[in-house]
Amino acid sequence: MNKGFLLVLMQPPPTLEEEFNAWYDTEHIAERLAVPGFETDLRYVCIDGAPRYLAMYDMASPDVLNSAAYLKVAFGNASPWTQRVTSRVRIYRSFGEQVYPGTKLTGRAARVLVLRFRALPSATQDTIIAGMRANFESRPQTLQVRVFAFDTGAGVDFLGFVEARAALGGALNLEAFGDCRNALDLVNTYALYLMIRLAAAVRTC
């Protein structure tokens, strides 16, 4: 069975950013990882693009989000702090299946590149996968390439997720995605949140 995923892009207002990070670090991560089936939880900060924050969760299967353990802490059952923070944050929440290669987990990469193709027919999946592989698998910086599918009900959002050991140089070959290139609406580069925090702490020493 292919693994599930939950990928969340978040933009808190500047006045909430400190509380947002405190909530995430002290409550939210531990709460999610306590749910059976959640296998990873990594946070990132955008260094090229927006929204500012990315959270990436790998799950044993997409069905984890339907489990009683998850529903106990999600949506209307979320904690008061979660409801307070998330009510003030702009959120893009996507979830579903890792369609390529299917069973890999997120590692600790120096850089992560996220590409989003919005509201495509499910039949375009192979084109998106082929385009991601053609663009990134042969690059020396690339650690792994994955593709995720989020069925919105009005089409599928495909998310390309590239983990790299260094910045990914070079232009994007849009022709490799065929007509799907017209659905590309996000190309963001991220760094690990903990590394950004460490760098900020060093600068203030």
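Below is a summary of the structure that appears in this document. (Residues numbered from 1 in each chain as written. Predicted model: local features only at pLDDT ≥ 70, side-chain atom pairs only at ≥ 80, totals over all residues. Heavy atoms only, no water.)

1. Section: the overall build of the protein chain
So the rule is basically this: Starting at the N terminus, helices and strands are each numbered in turn, a helix being any DSSP run of H or I of at least four residues and a strand any DSSP run of E of at least two. Taken over C-alpha atoms, the radius of gyration is set against a globule rule of 2.2 Å times the number of residues to the power 0.38. Throughout, a residue-residue contact means that at least one pair of heavy atoms, one from each residue, lies within 4.5 Å. We get accessible surface area from the Shrake-Rupley algorithm with a probe of 1.4 Å; when it comes to residues, only the shown protein chains can shield them. Charged residues are defined narrowly, with Lys and Arg counted positive, Asp and Glu counted negative, and His plus the chain ends left uncounted. A charge is said to be at NZ when it belongs to Lys, at CZ for Arg, at CG for Asp and at CD for Glu.
For the protein chain, the helix and strand inventory stands at five helices and eight strands. Taken from the N to the C terminus, the helices and strands of the protein chain come in the order β-α-β-β-α-α-β-β-α-β-β-β-α. Taken against the 2.2 N^0.38 rule, which gives 17 Å for 205 residues, the C-alpha radius of gyration of the protein chain at 17 Å falls within 12% of a compact globule. With the principal axes as the frame, the protein chain shows a C-alpha extent of 45 × 45 × 25 Å. By sequence separation, contacts in the protein chain at least 24 residues apart represent 79% of the contacts at least 6 residues apart. For the protein chain, the computed accessible surface area is about 9900 Å², with 55% contributed by carbon and sulfur atoms. Looking at charge distribution, the protein chain has the averaged site of its 21 positive side-chain charges lying 5 Å from that of its 20 negative ones.

2. Quick look at the environment of Arg-116
Applied cut-off: Between N or O atoms, a polar contact is any pair within 3.5 Å; within protein, one atom must be a potential hydrogen donor and the other a potential acceptor, and residues adjacent in sequence are included only when both atoms are from side chains.
Within the element layout of this structure, Arg-116 appears in strand S5 (residues 111–120). Sequence spacing of Arg-116 and Leu-186 is 70 residues, and the spatial spacing of their C-alpha atoms is 5.1 Å. Those residues within four positions of Arg-116 in sequence are excluded, and the remaining contacts are Leu-9, Tyr-92, Phe-158, Leu-159, Ala-183, Leu-184, Asp-185 and Leu-186. Separated by 2.9 Å, the side chains of Arg-116 and Asp-185 make a polar contact.

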